[in-house]
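Analysis of the macromolecular model
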Amino acid sequence: MFKTEQDCIDYLVTLRWPKGFECPQCGSIRFWEKSKGRFECSDCHKETTVTSNTIFHKTTKPLLVWFHAIWWMVAQKNGVSAKGLQKVLGLGSYQTAWTWLHKFRRLMVLNGRSKLNGIIEVDEVLIGGKKSGKRGRGAEGKSLIAVAVEVKGRKTGRVRLEKIPDASGKSLKNFIEKNIEPSSTIITDGWSSYSDLERMGYIHKVQRSVITEGDKDILPNVHRIASLLKRWLLGTHQSYLNKNKLEYYLDEYVFRYNRRTSNSRGLLFMRLIEQAVITEPVTYDKVINENHGL
Ligand SMILES: [Zn+2]
């Protein structure tokens, strides 16, 4: 679909202005196209390019290179490292590849995505650091992640992952309300922070570990996701320990996991490009300094 720069521009114009150009400053639909993807409003004379205020804002790289990068990111089932991307695109700078990947991760929480529903296992896990553990002290250098997984018979459905400040009732309730449809069935262990779920409108099933069952995993789906996540972080993104970026890696993981059975990589690519034109630009400094969601 995208053989020339013009193909990319035309595609972005269609996505951004499906009913035709509209001036972002005054709303006028009268314009002239000064050059490819560059419009001037006939009323207020503001000049707008198709990439302005999108993640491609003020880029000096051709859109073809960007599209190629996004394609590469979705085409690799397990994700890509900045080094890998730099090599494939022949980018001069590692920093550019690294920044781009972080920009792409910001596209991966799709607008209006629906909450999990049905039967859902929820737990918190610690990741990072050397020892695994949970809730206890001595968790320094680790991050606490809330995990929710749809259980579909013997299979898992969609997942949600979020870094949470602690395992308090408040943190977990926020996570659950944000990610799970009311009246769903939530399975947790007996941790007291989950004791309010019925009052919040969920059906709550508590799995208690039974001593005679030895170390049988009472929340197998959540723990399977957690170990896949850890393996993925270690395998592809050793730099995830750069703490304030972990959330973005979680977003990428969720995006990939929830689409793992999708045969159409092309569709995923289009979803990301669609997000790209409605996502505010982020600068390198912002990528470096800003915490997720703050
Ligand atoms: Zn105007």
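Everything below is about the structure shown above.
**Section: the overall build of the protein**
- Scanning the protein from terminus to terminus reveals 9 helices and 8 strands.
- Within the protein, the proportion of its 294 residues that are buried is 45%.
- Summing over all exposed atoms, the protein offers an accessible surface of approximately 15600 Å²; the carbon and sulfur share of this is 51%.

**So, the packing of aromatic side chains**
- Taken as a whole and assessed by the stated rule, the structure comprises 18 aromatic pairs.
- Where Phe21 meets Phe39, the ring centres are 4.6 Å apart and the plane angle is 15°; that geometry is what we call stacked. Pair noted here: Phe21 is in the loop between helix 1 (5–16) and strand 1 (31–35) and Phe39 is in strand 2 (residues 38–41), with a separation of 18 residues, a long-range link.
- With a relative accessible area of 3%, Phe39 lands in the buried category.
- A ring pair is formed by Trp66 and Phe104, whose centres lie 6.1 Å apart and whose planes are at 65°; its orientation type is edge-to-face. Of this pair, Trp66 sits in helix 2 (residues 63–75) while Phe104 sits in helix 4 (residues 94–105), and the two are 38 residues apart along the sequence.
- The structure contains a cluster of three or more aromatic residues connected by ring pairs, namely Phe2, Tyr11, Phe56, Trp66, Phe67, Trp71, Trp100, Phe104 and Phe269.
- Between Arg260 and the ring centre of Tyr257, over which it is positioned, the NZ or CZ distance is 3.9 Å.

**Some points on the nonpolar core**
- Counting residues in each nonpolar core, the largest one holds 42 residues, and the members touching the most others are Leu12, Phe56, Phe67 and Phe104.
- Those residues in contact with Leu12 that sit more than four places away from it in its chain are Val50, Thr51, Phe56, Leu63, Phe67, Ile273 and Val277.
- Grouped together as the second largest cluster of nonpolar side chains are 21 residues, Val159, Ile187, Leu219 and Trp232 included.

The rules behind each value
Residue indices begin from 1 for each chain and proceed along its sequence in written order. Note on the predicted model: pLDDT of at least 70 is required for a residue's local features to be given, and 80 or more for side-chain atom pairs to be given and counted; whole-chain, interface and lining totals, by contrast, use all residues. By convention in this description, side-chain values take in all heavy atoms of the structure and omit both hydrogens and water. Comment: elements are numbered from the N terminus, with helices defined as DSSP H or I runs of at least four residues and strands as E runs of at least two. Here's how the labels work: a residue is buried when its accessible area is under 20% of the maximum for its type, exposed when over 50%, partly exposed in between, all with a 1.4 Å probe on protein chains only. Each accessible area is a Shrake-Rupley result for a 1.4 Å probe, and residues are judged covered by the shown protein chains and nothing else. Any two rings among Phe, Tyr and Trp, with Trp reduced to its six-membered ring, count as a pair given centres within 6.5 Å; such a pair is stacked if its planes are under 30 degrees apart, edge-to-face if over 60, and tilted if neither. Whether a charge sits over a ring depends on NZ of Lys or CZ of Arg being within 6 Å of the ring centre and within 35 degrees of the ring normal. Side-chain atoms within 4.5 Å link the members of a nonpolar core, which is a set of buried Ala, Val, Leu, Ile, Met, Phe, Trp, Tyr and Cys residues. Whether two residues touch is decided by their heavy atoms; if any such pair falls within 4.5 Å, the residues are in contact.

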